[in-house]
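Summary of structural features
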Amino acid sequence: MRRQGFTIAEMIVVIAVVLILAAAAIGGTSAITRSLRFTNTFNKLVFMVQQARNLAVTGNNSDTKEYVVIFEQKMSPQPDTITLFRKIDDSYTIDAGDIVIEEYKILTTTNLELTLEKIAGGSCSKIIVSFQNGAAKTSLLCDDEANPNLKIGIGDGVSSNEKHFLIHEAAGIPQVL
């Protein structure tokens with residue numbers, strides 16, 4: 001006599017195959033997500049420098065002295081931070097009168113690491129890129145010390161991807177490597 005339907009063994013095999021395919025799809029998705037997060041973070045770093053420069057060139061605010069981007073590496077578990085703000089005094093700290101235009105945090109859970117370097121060699125824990133209002137005259141500081149050329153980048157600790165851009169005091173335009 002012929003039965004219709006599936007045996008338990010056949011059902012178990014089908015379920016196992018579906019679970020294996022689902023696990024493979026989820027693994028591939030996390031790699032794509034990591035790659036997109038890496039690319040988006042790098043683009044954000046470059047964009048914030050370009051935005052500060054553009055605001056300075058077109059600056060019409062008489063009370064604004066400079067537009068500043070601060071790249072700062074922090075000790076874990078605090079996230080690395082990039083801050084773009086409008087500066088009205090001579091300090092490179094954000095004071096009551098300064099206006100924060102944008103702040104971006106690189107969370108430690110993403111495994112992305114901010115790299116801050118001098119072109120001549122050596123690393124920095126903090127880089128300040130400032131553009132004089134109305135002229136886009138560039139000033140670069142590495143740990144509060146003037147430096148004409150700096151390298152800023154992002155690295156992915158999981159996939160070993162790295163991407164950098166240079167910024168030169170003469171032009172102030174990020175040059176992607």
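Figured I'd write up the structure that's included with this text.

Let's shift gears to the pairing of strand β9 (residues 162-168). The pairing of strand β8 (residues 149-156) with β9 spans 7 bridges and is antiparallel. The partner of I154 across the bridge, within β9, is K163. Following β8, the chain reverses through 5 residues before pairing antiparallel with β9; S160 in that reversal takes a positive phi of roughly 65°.

Within this structure, the stated rule accounts for 1 disulfide. Between the sulfur atoms of C124 and its disulfide partner C142 the distance amounts to 1.8 Å. Residues C124 and C142 are joined through a disulfide that is left-handed, its torsion about the S-S bond being -110°. Highlighted residues: C124 in the loop between β4 (112-118) and β5 (126-132) and C142 in strand β6 (residues 138-142), separated in sequence by 18 residues. Comparing C124 with C142, the two get one shared label, buried.

When you line up the elements, D98 lands in the loop between β2 (80-87) and β3 (99-106). No salt bridge forms around the buried D98; measuring N to O, its nearest opposite-charge neighbour R86 is 7.3 Å away. For D98, the contacting residues outside a window of four places in its chain are F85, R86, K87, I88, D89 and T93.

The next thing to look at is a nonpolar patch on the surface. On the surface, a nonpolar cluster with roughly 460 Å² of combined accessible area is contributed by F6, M11, I15 and L19. Relative to the helices and strands, I15 is located in helix α1 (residues 8-57).

In this section: the packing of aromatic side chains. Within the structure shown, the criterion is met by 1 aromatic pair. Consider the rings of F42 and F165, whose centres lie 6.0 Å apart with planes at 70°: the pair is edge-to-face. On the criterion of sequence distance, the pair formed by F42 in helix α1 and F165 in strand β9 is long-range, its members being 123 residues apart. Accessibility assignment for this pair places F42 and F165 in one class, buried.

Here the focus is the pairing of β8. Of all 8 residues making up β8, 6 are buried, and the element is well covered by its neighbours. Here 7 bridges tie β4 to β8, and the two strands are oriented antiparallel to one another. Counted as the bridge partner of K118 is L150 from β8.

On to the nonpolar core. The biggest cluster of nonpolar side chains holds 28 residues, and the ones touching the most others in it are L45, F71, I127, V129, I152 and F165. Every element with two or more residues in this core is listed here: α1, β1 (66-72), β2, β4, β5, β6, β8 and β9. Element by element, the count of residues in this core is highest for α1, at 8 residues. Excluding its chain neighbours within four sequence positions, the residues that come into contact with F165 are F42, L45, V46, V49, F71, L150, K151, I152, P174, Q175, V176 and L177.

Taken in spatial order, the 6 strands make up an open sheet running β3-β2-β1-β5-β6-β7, and their pairing is antiparallel. Each edge of the sheet is formed by a strand with only one pairing partner; in this case those strands are β3 and β7 (145-146).

Conventions adopted
Residues numbered from 1 in each chain as written. Predicted model: local features only at pLDDT ≥ 70, side-chain atom pairs only at ≥ 80, totals over all residues. Heavy atoms only, no water. Pairing = 2+ DSSP bridges. Helix = DSSP H or I, 4+ residues; strand = E, 2+ residues; numbered from the N terminus. Disulfide = S-S within 2.5 Å. Buried < 20%, exposed > 50% of the residue type's maximum accessible area, 1.4 Å probe, protein only. Lys, Arg positive; Asp, Glu negative; His and termini not counted. Salt bridge = Lys/Arg side-chain N within 4 Å of Asp/Glu carboxyl O. Contact = heavy atoms within 4.5 Å. Patch = residues over 30% accessible without salt bridge, like charges linked within 9 Å, V, L, I, M, F, W, Y side chains within 5 Å. Areas by Shrake-Rupley, 256 points an atom, 1.4 Å probe, with all protein chains shown as cover. Phe/Tyr/Trp six-rings, centres within 6.5 Å; stacked < 30°, edge-to-face > 60°. Core = buried A, V, L, I, M, F, W, Y, C linked by side-chain atoms within 4.5 Å.

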